[in-house]
Amino acid sequence: METRLPSKKKKATTTASAHASLDTNKKAKNNNSSEIQNNFELKGIEWLQDNVVSVLNELYDPAEVARGNVLAKFSKGKKKKKAKNGDAPIEPEMTESEKQALSDEAAAQAKPFTRKDAMVTPETHGHRLFGDYQVNAAMGLANALGMSPVACANQIVDGLKPRIGSLMDEIKITGPGFVNLRFQSSYLEKAVQAMVADASGRLAIPKTPNPQRIVVDFSSPNIAKEMHVGHLRSTIIGDTLCNLLEFLGHDVLRLNHVGDWGTQVGMVVEHLRDEYPSALDRESAESVDVGDLDVLYKAAKKRFDEDDDFKTRARQNVVKLQSGNPEEVAAWEALCAASRIEYQKIYDLLDIKGLEERGESYYNKYLNDVVVELKRLGLATESDGAKVVIVDGYTNRDGSPFPMIIQKSDGGFNYATTDLAAVRHRSMIPKEESGEQADRVLYVTDAGQANHFEMVFQVAKKAGFCSENTSLEHVPCGLVQGEDGKNLAIRSEDTVKDLLTEAVRIAGKDLLKRNKNHDEAFLDRVDRVSRIVGVGTFKYANLSMNRESNYKLTDSRMLSFDGNKAQYIMYAYARICGIVRKASGQEESDPVVWPEPAKIIVSDYTEEHLMRKLVVLPDVLSNVERHLCPNTICDYLFEISQKFNLFYEDCEDCSVNNAETPELKASRLSLCTATAGTIRLLLRILGIQVVEKL
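Remember, it's a predicted structure, so these values are computed and weren't measured experimentally. (Residues numbered from 1 in each chain as written. Predicted model: local features only at pLDDT ≥ 70, side-chain atom pairs only at ≥ 80, totals over all residues. Heavy atoms only, no water.)

Caption draft 1: Local environment of the overall build of the protein. A count of helices and strands for the protein gives 25 helices and 14 strands. The buried share of the protein, reckoned over its 694 residues, is 51%. Here the analysis covers contacts within the protein between residues at least 6 apart in sequence; of these, 75% occur between residues at least 24 apart. If you sum the accessible surface of the protein, you get close to 32,900 Å²; carbon and sulfur atoms cover 49% of it. (Helix = DSSP H or I, 4+ residues; strand = E, 2+ residues; numbered from the N terminus. Buried < 20%, exposed > 50% of the residue type's maximum accessible area, 1.4 Å probe, protein only. Contact = heavy atoms within 4.5 Å. Areas by Shrake-Rupley, 256 points an atom, 1.4 Å probe, with all protein chains shown as cover.)

What follows is the structure, encoded as structure tokens:
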């Protein structure tokens, strides 16, 4: 559907009436404060799932359901196929005692019902015509219980009513046994009031009752090499996931697994030996200016590709470095220090904070133990002088097993060895020994590393390097391409700094074009706003696409105010700020003072649609927590902005300033405040600042 930015309504309001609205807001707060419970929390799909799970465990025995599922499979009465000449003989039908044994085994292994068994889904129609949620548990249980889905659904409804009935309209069963649930209008009103009361905080969203220790491995640029857009996308997506998980109440460790121990370091060290020999001396290394790292890397890479002797020495440097040889260590430390300075410039521009560097070198002391343990377990074998692990399911083109190298023939360790040591450190090593004992470990890297991590995770679990309670998850990211369709990461003229600088320049140019009045006040803020909009636009372009998809970064994506773009969302926020300022008589140059919560009065369907969209915010966040796809947040932001524009622009009777009564005006200002608070919170999670005036 094509979207557009609505034009502003030109309606006058007097200063007296504006100040009167502030008084009305204060009175509304005083009159309704008793209705807004301080401990009010928004309800979402997880709250409903937990209630359904409780009902299922009260009504039904999981063991009997498991038994019933097994027996139901045998009672379907499938016709036996006759064996044809040359075919394998048909297996004989199972005896009753065999069937009973299988059903007894299933019953013995049964566990209490979980959220998955609740089968709760959000209603997907835009206006939620059939309800806000649908419970489909009866469809999966009825056959095992020997009853109709409708009868099973009725039992579930009877169990739910005393638990959630006070918040829901009449619970309806439709079709073969679908349970449809719809929040009452009174709940929507209280929920929006609570969001307004907490508009600058959590928007009445509860923290998780089950906080986890979560390690997020992201960014991970290579030492002595220019950061490329692949690392940039990992940085932006990883930072967003950390922001979200921290907001939900988890204990998050942001790790920067920099590539400081690989072949690229060895070849640059060897190049330094010729060009900057003092860099290999500990006493003089700190004072050596190695110059432009990218130029240094390209010169070393050229020699590495063209000179076999240089290539051999470079690889030997890696082994020497891993062994702690003083010369290689001194050069490495100089390269690391210079690289950190360059990376920090990018992190500062992106407003990335709290990222702890823990590169490949950090795990060097654990690498030999990994190899020894894999050999002890019989998982590691010799192959052409190297030590390898054969991973199930991975073969070469000729069908031979594809080995994962853990120690090269020259004694050097490989990336896989480091990643196995990292898994062990993050999952198994106790905290008092500097380990993490994480419940969940996320690896945010480009999609090309998917097979590598699948192999590492498989070996880690088989070797016992990973606790059964630790979830290892690769979070793959697609590639960023230019208008020509080429990957920006391999185009030498496109550096990260260039891309971000260009984004800020484009934003500044657009601001100057849209604002004809270039007075002193505007010029004072144009640089700051250009940076916020430019960097925010670049981040949003990365986040609004499915993270696994490749996408083209073009000027049209950077400049467009149409569709799901950062500018559209940021403009919607600035517009709400303008509406509130005008309605309450505030000066444009002052920060917005948001109205106090008021009683919500629904006078038009657009208001209810906006409210129903606002209160599903917990579901949006829990969805991203599970699936780790930030574009879900962007889609929701776009929908919220559209719903608000529909409420404000297309509804002739929904004017804020010209509302029929002071109470209705206060109600609509509360809707403005809740919407602005939602946009502000979600942009903050995406790592994007807001501006109150564009």
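Caption draft 2: Structural view of helix α9 (residues 229-247). The first and last C-alpha atoms of α9 sit 27 Å apart over 19 residues, in line with the 27 Å expected at 1.5 Å per residue. Counted residue by residue, α9 has 17 buried out of 19 residues, so it is predominantly covered. In the stretch just after α9, G249 is the one whose phi turns positive, near 110°. (Expected span 1.5 Å × (residues − 1).)

Caption draft 3: Seen up close, the environment of V423. Relative to the assigned elements, V423 resides in helix α16 (residues 415-427). A sequence separation of 14 residues divides V423 from Q437, and the C-alpha atoms of the two residues are 9.9 Å apart. If we skip the residues at most four places from it in the chain, V423 touches M428, Y443, V456, A460, F465, C466 and L472.

Caption draft 4: Seen up close, the pattern of salt bridges. For the coordinates displayed, the defined rule picks out 38 salt bridges. The partner of K353 in a salt bridge is D351, and the shortest N-O contact between them spans 3.6 Å. The exposed category is assigned to K353, whose relative accessible area is 60%. Note on D351: relative accessible area 35%, which makes it partly exposed. (Salt bridge = Lys/Arg side-chain N within 4 Å of Asp/Glu carboxyl O.)

Caption draft 5: Structural view of the sheet that holds strand β2 (residues 133-135). With antiparallel pairing, the 4 strands of this open sheet are ordered in space as β1-β2-β4-β3. Each having just a single partner strand, β1 (120-122) and β3 (172-174) make up the two edges of the open sheet. Mean inter-strand twist for the sheet, computed between neighbouring axes without regard to direction, equals 30°. Relative to strand β4 (residues 178-181), β3 runs antiparallel, the two sharing 3 bridges. When the bridges of β4 are listed, K172 appears paired with N180. Helix α2 (residues 45-59) contacts β1, β2 and β4 of the sheet and is inclined by roughly 155° relative to β1. (Pairing = 2+ DSSP bridges. Axes fitted to C-alpha atoms, helices over the stretch in contact; angles between N-to-C directions.)

Caption draft 6: Highlighting helix α3 (residues 62-74). Helix length check: α3, at 13 residues, gives a terminal C-alpha distance of 19 Å against a target of 18 Å (1.5 Å per residue), a fit within 8%. All of the buried residues along α3 are P62, A63, V65, A66, R67, G68, V70 and A72. Contacts made by the buried residues of α3 are with α2, α4 (96-109) and α6 (137-145). At the N-terminal boundary of α3, the capping side chain belongs to D61, with an oxygen 3.0 Å from the backbone nitrogen of A63. (Polar contact = N/O pair within 3.5 Å; in protein donor to acceptor, adjacent residues only side chain to side chain.)

Caption draft 7: Looking closely at the packing of α3 against α6. Two elements in contact, α3 and α6, have axes separated by 7 Å at closest approach and are oriented at 75°. Classed by the angle they form, the pair α3 and α6 counts as roughly perpendicular. Residue-level inspection shows V65, G68, N69 and A72 of α3 in contact with α6, the latter providing G140, L141, N143, A144 and L145. Counted by class, the contact of α3 with α6 contains 5 nonpolar, 4 polar and no charged residues. (Parallel < 35°, antiparallel > 145°, perpendicular 65-115°, else oblique. Nonpolar A, V, L, I, M, F, W, Y, C, P; charged D, E, K, R; others polar.)

Caption draft 8: Representation of the side chain of N256 in the model. With respect to the element layout, N256 can be found in strand β6 (residues 251-256). Not counting residues within four places of it along the chain, the set of residues in contact with N256 comprises F218, S219, S220, P221, Y347, L355, E356, E357, R358 and G359.

Caption draft 9: How the structure looks around the packing of aromatic side chains. With the rule as written, the count across this model stands at 13 aromatic pairs. Aromatic pair Y443 and F453: ring centres 4.9 Å apart, planes at 45°, arrangement tilted. Taken together, the positions of Y443 in strand β11 (residues 440-446) and F453 in helix α17 (residues 450-463) put the pair 10 residues apart, joining distant regions of the chain. The class of F453 is buried, set by a relative accessible area of 4%. (Phe/Tyr/Trp six-rings, centres within 6.5 Å; stacked < 30°, edge-to-face > 60°.)

Caption draft 10: Seen up close, the environment of R424. Tracing the sequence through the fold places R424 in helix α16. Remark: the alpha-carbon pair of R424 and G464, spanning 40 residues in sequence, is separated by 8.3 Å. Those residues in contact with R424, other than ones at most four positions away along the chain, are D369, V370, E373, I429 and F465.

Caption draft 11: Structural detail: the pairing of strand β9 (residues 386-395). As paired strands, strand β8 (residues 380-383) and β9 are joined by 4 bridges and run antiparallel to one another. Bridge assignment links S383 to a residue of β9, and that residue is A386. From the end of β8 to the start of β9, which pair antiparallel, there are 2 residues, and D384 there has a positive phi angle of about 55°. Where β9 lies against strand β10 (residues 401-407), 5 bridges are found, and the strand directions are antiparallel. Residue pairing across strands places I390 opposite P403, the latter belonging to β10. Taking the residues that link successive antiparallel strands as the turn, the β9-β10 hairpin has 5 residues, and the phi of G399 there is positive, at about 90°.

Caption draft 12: Inspection of unusual backbone geometry at higher detail. A positive phi angle, near 55°, is found at L203, a position not held by glycine. Classification of L203 as buried rests on a relative accessible area of 0%. Despite not being glycine, S220 shows a phi value in the positive range, around 50°. When you line up the elements, S220 lands in the loop between β5 (213-217) and α9. For S220, a relative accessible area of 14% translates into the label buried.

Caption draft 13: Region of the structure containing the sheet that holds β10. The antiparallel open sheet is built from 3 strands, whose spatial order is β8-β9-β10. Because the sheet does not close on itself, it has two edges, and the strands there are β8 and β10. Neighbour to neighbour, the strand axes of the sheet diverge by 55° on average, direction disregarded. Packed onto the sheet, α17 meets β9 and β10 and runs at close to 105° relative to β9.

Caption draft 14: Focus on the side chain of N542. Among the structural elements, N542 can be located in helix α19 (residues 520-543). N542 sits in the buried class, given a relative accessible area of 1%. Here the side chain of N542 touches F538 through a polar contact of 2.9 Å, landing on its backbone oxygen. Every residue in contact with N542, bar those within four places of it in the chain, is listed here: R233, I236, V480 and Y551.

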